Amino acid sequence: MPIAIIPDNERGYNKKKIVKSFFYNLNSTIPELAKELNLSIPTVTKLVNEMVDDGILNDYGKSDSKTGRKPSTYGLNPQSGYFLGIDIKRNHINIGVCNFNGEIVKQDFDIPYSEQNSPLDELNEICNISRDFVKGIEESKILNACVNIGGRVNPTTGYSYSMFNISETPLTEIISEKLNIPVCIENDTRSMTYGESIRGSINGEKNILYVNLGWGLGLGMIINGELYEGKSGFAGELGHINAFDNEILCHCGKKGCLETEVSGLALHREIMSQIKDGKASILSQKIENNETITLNDIVDAVNAEDFLCIDLIEKIGEKLGKHLANLINIFNPELVVIGGTLSAAGDYLIQPIKLAVKKHSLKLVNSDSRIICSKLHEKAGVIGACMTARRQMFERN
């Protein structure tokens with residue numbers, strides 16, 4: 001088990017540097033590692049040989065060098081450890097496991113958890129689902145877990161202030177005790193941003209805005225290649241900037257938040273209201289039958305060319321684009337990624353955003369910024385959680 005084998009001393013620190021290098025370079029030779037890590041070849045050789053003996057690294061044989069002696073190529077042993085990612089949504093969770101190489105080996109989506117009498121009961125149910133999910137994987141090889149939570153989350157202290165703020169004990173300790181593995185927590189949008197950067201639409205760009213448009217509205221930021229957290233991990237509360245002179249009460253307790261008119265919750269509220277007022281929609285029959293309408297139902301209706309749903313999601317795109325224009329003027333990003341559940345509406349959402357950004361931002365600034373749809377959509381959270389669990393074990397320790 002790698003975390004037990006790698007000690008917390010200078011030698012262990014260098015081994016962790018080698019592991020982190022393989023996160024981004026799947027295969028390397030000893031000379032390549034020595035150059036990247038600024039260590040001597042004899043030092044790297046000894047460390048790598050020990051890590052091969054411990055089962056952390058694999059020796060993949062000679063490289064394809066065209067001249068001179070061919071050095072051996074090394075890489076992480078995928079089976080040496082696993083990382084659990086739990087992405088908590090409004091009434092369901094998405095969950096996955098990745099191996100030491102960062103490859104997703106198991107995942108499941110839209111697992112419902114019922115509304116319980118207390119947040120602790122809900123948390124217990126989520127932990128029970130997670131324990132059932134990892135059955136079949138050797139427990140000692142699950143090295144870390146990351147739980148994505150919406151709202152104010154401090155990854156360093158392990159406290160969540162929007163959901164499951166149930167004890168003076170850090171939430172990470174509570175979940176860790178229930179799962180019997182180390183646990184970290186992360187803001188869901190920031191985790192999705194990281195997942196998109198590793199496996200999605202981000203290809204080398206260093207300054208990125210990631211918009212998570214689901215039931216709520218969040219913002220992830222990558223600045224100079226690094227995820228931006230803010231002082232306490234609270235950066236990115238785009239949904240709670242004061243944007244409208246309305247009397248709609250936001251779940252944060254204030255009125256006029258951007259999220260009151262630009263979110264899945266706002267879209268759902270407006271669709272329900274207009275259908276009840278007699279507007280026709282593919283969803284009318286479901287509402288008449290008192291069936292639950294999900295965001296996926298709305299997206300499906302949009303993509304089936306339902307006029308009402310298209311009209312309303314385009315209006316949300318226009319309002320979002322107006323405020324994204326301000327962010328583009330401030331941050332001058334290379335890339336703006338629209339993610340979250342509603343991003344699956346594709347051009348019905350993206351085109352109004354682009355038009356509003358063009359209208360309300362400075363031409364010289366917005367010409368630097370590409371606005372694209374997420375490649376991962378709903379999967380970004382699970383991938384981000386798995387990768388965050390892996391990254392935090394070796395970068396935060």
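Residues numbered from 1 in each chain as written. Predicted model: local features only at pLDDT ≥ 70, side-chain atom pairs only at ≥ 80, totals over all residues. Heavy atoms only, no water.

## Thoughts on the overall build of the chain
Definition in use: In this description a helix means any DSSP run of H or I spanning at least four residues, a strand means any run of E spanning at least two, and both kinds are numbered starting from the N terminus. All radius of gyration figures rest on C-alpha atoms, and the globule criterion is 2.2 Å times the number of residues raised to 0.38. Contact criterion: two residues are considered in contact whenever any of their non-hydrogen atoms come within 4.5 Å of each other. With residues, only the protein chains shown are counted as cover, and all accessible areas are computed by Shrake-Rupley using a 1.4 Å probe. Positive charges come from Lys and Arg, negative ones from Asp and Glu, while His and the chain ends are left out of the count. The atoms used to mark charge sites are NZ of Lys, CZ of Arg, CG of Asp and CD of Glu.
Helices and strands together make up the secondary structure of the chain, namely 14 helices and 15 strands. Here the chain has a C-alpha radius of gyration of 23 Å; the compact-globule value for 397 residues is 21 Å, and the two agree. Its C-alpha atoms put the chain at 75 × 55 × 40 Å along the principal axes. Of the contacts formed within the chain by residues at least 6 apart in sequence, a portion of 62% connects residues at least 24 apart. Carbon and sulfur atoms make up 48% of the accessible area of the chain, which amounts to about 18,600 Å² in all. Where the 42 positive side-chain charges of the chain centre and where its 50 negative ones centre are 6 Å apart.

## So, the pairing of strand 12 (residues 217-223)
The two faces of the sheet receive side chains in turn, since in a regular strand these alternate between them. Applied cut-off: Burial status follows relative accessibility: with a 1.4 Å probe on protein chains alone, a residue under 20% of its type maximum counts as buried, one over 50% as exposed, and anything between as partly exposed. Being paired, for any two strands, means DSSP has found at least two bridges between them.
Extensive coverage of strand 12 is indicated by the burial of 6 of its 7 residues. Bridge count for strand 11 (residues 208-213) against strand 12 is 6 bridges, and the pairing is antiparallel. Paired with Val211 across the strands is Leu219, a residue of strand 12. The antiparallel hairpin formed by strand 11 and strand 12 contains 3 residues in its connecting segment. Relative to strand 13 (residues 226-227), strand 12 runs antiparallel, the two being bridged by 2 bridges.

## Re the sheet that holds strand 15 (residues 370-373)
In a beta sheet, neighbouring strands are held together by backbone hydrogen bonds and run either parallel or antiparallel to one another. Inclusion rule: Angles here are taken between N-to-C directions and fall from 0 to 180 degrees, while the axes themselves are lines fitted to C-alpha atoms, restricted in helices to the stretch in contact.
Judged by pairing direction, the sheet is mixed, and its 5 strands sit side by side in the order 13-12-11-14-15 without closing on themselves. The open sheet is flanked by strand 13 and strand 15, the only strands paired with a single partner. Across the sheet, helix 12 (residues 347-360) is in contact with strand 11, strand 14 (335-339) and strand 15; its angle to strand 15 comes to roughly 165°.

## Observations regarding the pattern of salt bridges
Operational definition: What makes a salt bridge here is a side-chain nitrogen of Lys or Arg within 4 Å of a carboxyl oxygen of Asp or Glu, nothing more.
All chains considered together, the criterion is met by 11 salt bridges. Note that Arg11 and Glu50 form a salt bridge whose closest N and O atoms lie 2.7 Å from each other. Placement of the pair is Arg11 in helix 2 (residues 10-24) and Glu50 in helix 4 (residues 41-53), with a sequence separation of 39 residues. The exposure class assigned to Arg11 is partly exposed, which follows from its relative accessible area of 35%. The partly exposed category is assigned to Glu50, whose relative accessible area is 24%. Here Lys89 and Asp87 are joined by a salt bridge, their closest N and O atoms 3.2 Å apart. Each of the two residues, Lys89 as well as Asp87, counts as buried. By sharing partners, the salt bridges in this structure join Arg11, Lys15 and Glu50 into a single network.

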